[in-house]
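Structural overview for review
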Amino acid sequence: MSTLKSKILLLKELLALKEIVDKGSIQIAAGENGIKNSNLSQLVKDLEDRFNTKLINRKFDGSQPTNSTQLIYNDICEIESLLNKILETFVDMDALSGSMSVWTEEGLFGSYILKDLSEFYAKYPKIRLELLMRKEPDISNMDILIVKPKLPPNIHGTVLFKFKTHLKFYTSKKYLAKHGAPKNINDLLENHNLCMVIRYMNLPEVQSIIKRAKHLNTTSDSLALIYRLVSDGDGITVFPSWFEESGKNLVCLNNLDFEYEMETQCMCRTEIAELPKVRAFVNFFIDFCTGHDVPIDIYY
């Protein structure tokens, strides 16, 4: 049976392995964690000796996990997640207080996150969120930004995570009952009514399709307005795929050969990245994305 000391060493070795896999390089992982390259490399070497198998392929351009590492990687992630939850449990509750300003584009919180914020407030009753939707955010005046990767030159901060949203064509059962479903993209653009959110129209692949539309009935900068029109049976639109879950009246037109992947990132002012209240919000967001099958890359 393994001794306590042996288990503690195993934990260090497993977490070291995960850091190298996540960063893709021993040098980068060591630098970001304030550890000497040789010490981090030795931890993985000790783990390889313990399991009698190779776990990392060391190459000139980085480090790649072997098949053996891939078999245990998810288990290591669960161990790290449990450690984080334990740490959160014993954080001074006074540190989990105060207000945070969060900027996001219109619609994201209102239709996607807001309905689950009650869980956040229940867990962290002393944290107040100020949700902002200004068109030109200034990171110096806000704590957290949820924005597209292409930022204005005056915006700087620490990227906490990135997540991806798939855009597809949606309509309602009411519209389909009256007009039928479009057979293909050409049929859609020739014979069906479109109600479009302006910011989605400006995306390259969406724009190339919309330019050919014969019946672009309504455009708006309000996602909520377009959602209401489409739900009421007034047309077809492009929406994020997560709307299918929150909007019971929506029907995804899967037969149309169209899907656009849109990336969004969450960032904060670098000097507050380690504050417990920031960590609490980020963990809430990550848990939400994970629970709703939204692809997410964590840098935090």
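About the criteria used
Residues numbered from 1 in each chain as written. Predicted model: local features only at pLDDT ≥ 70, side-chain atom pairs only at ≥ 80, totals over all residues. Heavy atoms only, no water. Helix = DSSP H or I, 4+ residues; strand = E, 2+ residues; numbered from the N terminus. Buried < 20%, exposed > 50% of the residue type's maximum accessible area, 1.4 Å probe, protein only. Contact = heavy atoms within 4.5 Å. Areas by Shrake-Rupley, 256 points an atom, 1.4 Å probe, with all protein chains shown as cover. Phe/Tyr/Trp six-rings, centres within 6.5 Å; stacked < 30°, edge-to-face > 60°. Lys NZ or Arg CZ within 6 Å of the ring centre and 35° of its normal. Core = buried A, V, L, I, M, F, W, Y, C linked by side-chain atoms within 4.5 Å. Polar contact = N/O pair within 3.5 Å; in protein donor to acceptor, adjacent residues only side chain to side chain. Arc of directions from axis to C-beta. Axes fitted to C-alpha atoms, helices over the stretch in contact; angles between N-to-C directions. Parallel < 35°, antiparallel > 145°, perpendicular 65-115°, else oblique. Patch = residues over 30% accessible without salt bridge, like charges linked within 9 Å, V, L, I, M, F, W, Y side chains within 5 Å. Salt bridge = Lys/Arg side-chain N within 4 Å of Asp/Glu carboxyl O.

Here's the deal with the overall build of the protein
Along its length, the protein carries 13 helices and 12 strands. Residues counted as buried form 41% of the 300 residues belonging to the protein. If you take every contact in the protein between residues at least 6 apart in sequence, the share linking residues at least 24 apart comes to 73%. Accessible surface for the protein amounts to roughly 16,700 Å². Of this, 51% is attributable to carbon and sulfur atoms.

What to know about unusual backbone geometry
Positive phi values are uncommon outside glycine, yet Asn-52 reaches one of about 55°. Note on placement: Asn-52 falls in the loop between helix H3 (37–51) and strand S1 (56–59). Asn-52 sits in the exposed class, given a relative accessible area of 71%.

Some details on the packing of aromatic side chains
Considering all chains together, one arrives at 11 aromatic pairs under this definition. Ring centres of Phe-169 and Phe-258 lie 5.1 Å apart, and the angle between their planes is 50°; on these two criteria the pair is classed as tilted. Highlighted residues: Phe-169 in strand S6 (residues 158–172) and Phe-258 in the loop between strand S10 (250–252) and strand S11 (260–268), separated in sequence by 89 residues. Residue classification places Phe-258 among the buried positions, given a relative accessible area of 11%. An aromatic cluster is present here, built from Phe-120, Tyr-121, Tyr-124, Phe-161, Phe-163, Phe-281, Phe-284 and Phe-285 joined pairwise through their rings. Just above the ring of Tyr-200 sits the side chain of Arg-199; from NZ or CZ to the centre is 5.3 Å.

Quick word on the nonpolar core
Membership of the largest hydrophobic core comes to 32 residues, with the highest contact counts inside it found for Phe-169, Leu-188, Leu-194 and Phe-258. Beyond its immediate stretch of four places on either side in the chain, Leu-188 contacts Phe-169, Pro-182, Leu-194, Ile-236 and Leu-256. In terms of nonpolar packing, the next biggest core, distinct from the first, is built from 26 residues, Leu-117, Leu-160, Ala-280 and Val-282 among them.

Digging into the side chain of Ser-101
Structurally, Ser-101 can be placed in strand S3 (residues 98–104). From its side chain, Ser-101 meets the backbone nitrogen of Asp-143 in a polar contact 2.9 Å long. For Ser-101, the contacting residues outside a window of four places in its chain are Glu-130, Leu-132, Asn-141, Met-142, Asp-143 and Ile-144.

Regarding helix H2 (residues 26–33)
If you check which residues of H2 are buried, you get Ile-26, Ala-29 and Ala-30. Here the buried residues of H2 occupy an arc of 95° about the axis, which is enough to place them on one side. Turned more than 90 degrees from where H2 packs its buried face, Gln-27, Gly-31 and Glu-32 sit exposed. Of the residues that open H2, the one with a side-chain oxygen 3.2 Å from the backbone nitrogen of Gln-27 is Ser-25.

Some details on the packing of helix H1 (residues 4–23) against helix H4 (residues 67–89)
Contact geometry of H1 with H4 gives a least axis separation of 10 Å together with a crossing angle of 110°. Comparing the axis directions of H1 and H4 gives the class roughly perpendicular. Taken together, the residues of H4 that come into contact with H1 (itself represented by Leu-11, Leu-14, Leu-15, Leu-17, Lys-18, Glu-19, Val-21 and Asp-22) are Thr-69, Ile-72, Tyr-73, Ile-76, Cys-77, Ile-79, Glu-80 and Leu-83.

Some thoughts on a nonpolar patch on the surface
Side chains of Leu-11, Ile-79, Leu-83 and Ile-86 sit close together on the surface and give an oily, nonpolar patch of about 280 Å² of accessible area. Top contributing element to the nonpolar patch by residue count: H4, with 3 residues. Tracing the backbone shows Leu-83 in helix H4. Relative accessible area serves as the criterion here: at 30%, Leu-83 is assigned to the partly exposed category.

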